[in-house]
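Structure assessment
Each chain, written out:
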Amino acid sequence: MSQNLTLSREDIVRLCERVEGAQTRACAIPKLTDEYPAMTIADGYAVQSELRRRYLAQGHRLVGWKAGLTSKAKMKQMGVDVPSIGFLTDRMARPENAAISTADLVHPRVECEVAFVMKRELSGPGCTAADVLAATDYVLPAVEIIDSRFAGFKFDLPSVIADNGSSARFVGGGRARYVEELDLRTLGVVLEKNGEIVAMGASAAVLGHPAEAIAMLVNILAGLGETLPAGSFVMSGGITEAIAVQPGDSVVARFQELGSVSMRFVA
């Protein structure tokens, strides 16, 4: 991590409790840097690590990780200039075609992503896209339901990292494919809401190649003293901008070569 910690242990715990409360009660909070303007990216990850520790202590199971803000569209939409990572637990997973409740979410939005399932552990620093592809068991299409807990969906990088990269729910589906069967740069994606096309993109939107996002994630994990275990489910970041959803909406993400993922939203 290039930036140093500025928060004390007490501050980290306090901010973690604030974020955890916002996530579990689905209530919006001001961005953390309003109170801690000197907060760094390293501080954000310290809060996120404390949040992960708490959730695992409560019986949640770590199933993987996600790269966030990896496309130019997302960075522009959110006004940030570096990607970030967040953890995924079994409680966030929803099955294909699920009815997903928005009652426990603040600002739910959906985005299409290519997910990787790893057959070998990866560690950084210095992990490359080629290393990622060699360690990948298969890829599949996925939709992430993100939910910033910050008022007005306004935040900066340290705050969003502390909020676990706005992670909320995810749905994997479609058909799994081996990476050597695909050109992962050129997969076209169409996102439909209630039968209307609301976003389109190509997988190269994610840092030029989705495997680059996974390599970046592994290298950020190395900075946190962590590795990416075999068996991890890893989401490589939104190909399209995030689209807001509400009860009554049905969403289908159609991926070239990978099939589609669908879900609907209920109160």
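Structure's up top.
Now for a description of the structure that goes with this document. (Residues numbered from 1 in each chain as written. Predicted model: local features only at pLDDT ≥ 70, side-chain atom pairs only at ≥ 80, totals over all residues. Heavy atoms only, no water.)

1. Looking at the sheet that holds strand S12 (residues 259-266)
The following threshold applies: Pairing between strands is defined by DSSP: at least two bridges between them are needed. Each helix corresponds to a stretch of at least 4 residues labelled H or I by DSSP, and each strand to a stretch of at least 2 residues labelled E; elements are numbered beginning at the N terminus. Inter-axis angles, ranging from 0 to 180 degrees, are taken between N-to-C directions of lines fitted to C-alpha atoms, where helices are fitted over the stretch in contact.
Strands sit in the order S3-S12-S11-S7-S8 across an open sheet of five strands; the sheet is mixed. Both outer strands of the open sheet, strand S3 (99-101) and strand S8 (196-202), are each paired with one neighbouring strand and no more. Taking the axes of each pair of neighbouring strands and ignoring which way they run, one obtains an average angle of 25 degrees across the sheet. Direction of pairing for S3 relative to S12: parallel, over a ladder of three bridges. Counted as the bridge partner of Ile 100 is Phe 265 from S12.

2. Some words on the side chain of Asn 164
Put simply, the rule is: Relative accessibility decides the category of a residue: with a 1.4 Å probe and only protein chains considered, values under 20% of the type maximum give buried, values over 50% give exposed, and everything between is partly exposed. Here, residues are in contact when the closest pair of their heavy atoms is within 4.5 Å.
Within the element layout of this structure, Asn 164 appears in the loop between helix H5 (157-162) and strand S6 (167-172). Judged by relative accessible area, Asn 164 falls into the buried class, the value being 1%. Aside from chain neighbours lying at most four places away, what touches Asn 164 is Gln 23, Gln 48, Leu 51, Lys 66, Gly 86, Phe 87 and Met 92.

3. Observations regarding the pairing of strand S11 (residues 250-255)
Along S11, the buried face is formed by Val 251, Ala 253 and Phe 255; none of Ser 250, Val 252 and Arg 254, which line the opposite face, is buried. Looking at chain direction, strand S7 (residues 188-193) and S11 are connected through five bridges and run antiparallel. Directly across from Val 190, in S11, lies its bridge partner Arg 254. Sheet topology note: the S11/S12 ladder contains six bridges and is antiparallel. Along S12, the bridge assignment pairs Ala 253 with Val 261. Counting the residues between successive antiparallel strands, the hairpin from S11 to S12 contains three residues, one of them, Glu 257, with a positive phi of roughly 70 degrees.

4. Notes on the packing of aromatic side chains
Here is the rule we go by: Within 6.5 Å between ring centres, the rings of Phe, Tyr and Trp (the latter by its six-membered ring) count as paired, and their orientation is classed by plane angle as stacked under 30 degrees, edge-to-face over 60, tilted in between.
Applying the stated criterion to the full structure yields five aromatic pairs. Centroid distance Trp 65 to Phe 87: 6.4 Å. Interplanar angle 80 degrees. Geometry classified as edge-to-face. Taken together, the residues span a long stretch of sequence, with Trp 65 in strand S1 (residues 62-68) and Phe 87 in strand S2 (residues 84-89) at a distance of 22 residues. For Trp 65, a relative accessible area of 1% gives the class buried. A ring pair is formed by Phe 170 and Phe 233, whose centres lie 5.1 Å apart and whose planes are at 20 degrees; its orientation type is stacked. Of the two residues, Phe 170 sits in strand S6 while Phe 233 sits in strand S9 (residues 233-235), which places them 63 residues apart along the sequence. Accessibility classification places Phe 170 together with Phe 233 in one group, the buried group. Following the ring pairs from residue to residue traces out a cluster consisting of Tyr 55, Trp 65 and Phe 87.

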